[in-house]
Amino acid sequence: MSSQREPDCLFCKIIEGQIPGDIVKKTDRITAFRDISPQAPTHILVIPNTHVASVSETSEDQVFSDVLGAARDIAREQNLSDYRLVVNNGAGAGQSVFHLHFHLLAGRPFSWPPG
Ligand code: 5GP
Ligand code: ZN
């Protein structure tokens, strides 16, 4: 897999260390860091190190395996049994940063259906 970055992308800059991030885990394929505006006691973003804008714009399925597997690993490492994984795809669904990311949320009850 390539490790291409997008120069104007906020999350690519966090991967590169150009913008500080509270990094939880970093591998050659993914970076995980704490959300700047946490919506739960644990709120971690898991992103691929290669720039892809969203779920619908991801052509390489390995990317999904990388970020989802990493989210599971982080939850295990942090002894989280109950958690929610969220991916917003498109502005209308709440996506505000267009570098694919899974939200890993834990530490409080979650209602269903989501808002
Ligand atoms: P989205 O709305 O695209 O699903 O999620 C984007 C997330 O990125 C939001 O939860 C937002 O709080 C977070 N975020 C935006 N800017 C920054 C930043 O500079 N640093 C960190 N750590 N998180 C950010
Ligand atoms: Zn990016």
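Remember, it's a predicted structure, so these values are computed and weren't measured experimentally.

### Some thoughts on the overall build of the protein chain
At step 1: For the protein chain, the helix and strand inventory stands at two helices and five strands.
At step 2: From first element to last, N terminus to C terminus, the protein chain shows the α and β order α-β-β-β-α-β-β.
At step 3: The globule rule puts the C-alpha radius of gyration for 115 residues at 13 Å, and the 14 Å found for the protein chain is close to it.
At step 4: Counting all 115 residues of the protein chain, 38% fall into the buried class.
At step 5: By sequence separation, contacts in the protein chain at least 24 residues apart represent 55% of the contacts at least 6 residues apart.
At step 6: On the protein chain, the mean spot of the 10 positive side-chain charges and the mean spot of the 13 negative ones are 6 Å from each other.

### A word on the nonpolar core
At step 1: Of all hydrophobic cores here, the largest spans 13 residues; its most connected members are I44, V46 and I74.
At step 2: Mapped by element, the contributors of at least two residues to this core are β2 (30–34), β3 (42–48), α2 (62–77) and β5 (102–106).
At step 3: If one sorts the elements of this core by residue count, α2 sits on top with five residues.
At step 4: Counting residues in each nonpolar core, the second largest holds nine residues, with C12, I14, I15 and V97 among its members.

### With respect to the pairing of strand β1 (residues 23–26)
At step 1: Inspection of the sheet shows β1 paired to β2 by three bridges, in the antiparallel sense. By the bridge assignment, K25 is partnered in β2 with A32.
At step 2: Remark: three residues form the turn of the hairpin made by β1 and β2, two consecutive strands paired antiparallel.

### Quick look at the pairing of β5
At step 1: Along β5, five of the five residues are buried, which leaves the element largely enclosed by surrounding structure.
At step 2: Here β5 shows a buried face lined by F102, L104 and A106 and a second buried face lined by H103 and L105.
At step 3: Inspection of the sheet shows strand β4 (residues 84–86) paired to β5 by three bridges, in the antiparallel sense. Bridged to L85 within β5 is L104.

### Focus: the packing of aromatic side chains
At step 1: Applying the stated criterion across every chain, the model contains one aromatic pair.
At step 2: Ring geometry for F11 versus F33: centroids 5.2 Å apart, planes at 80°, classification edge-to-face. Highlighted residues: F11 in helix α1 (residues 10–16) and F33 in strand β2, separated in sequence by 22 residues.
At step 3: Residue F33 is classed as buried on the basis of its relative accessible area, which comes to 3%.

Conventions we followed
- Residues numbered from 1 in each chain as written.
- Chains lettered and ligands numbered in written order.
- Predicted model: local features only at pLDDT ≥ 70, side-chain atom pairs only at ≥ 80, totals over all residues.
- Heavy atoms only, no water.
- Helix = DSSP H or I, 4+ residues; strand = E, 2+ residues; numbered from the N terminus.
- Rg over C-alpha atoms; globule rule 2.2 N^0.38 Å.
- Buried < 20%, exposed > 50% of the residue type's maximum accessible area, 1.4 Å probe, protein only.
- Contact = heavy atoms within 4.5 Å.
- Lys, Arg positive; Asp, Glu negative; His and termini not counted.
- Charge placed at Lys NZ, Arg CZ, Asp CG, Glu CD.
- Core = buried A, V, L, I, M, F, W, Y, C linked by side-chain atoms within 4.5 Å.
- Pairing = 2+ DSSP bridges.
- Phe/Tyr/Trp six-rings, centres within 6.5 Å; stacked < 30°, edge-to-face > 60°.

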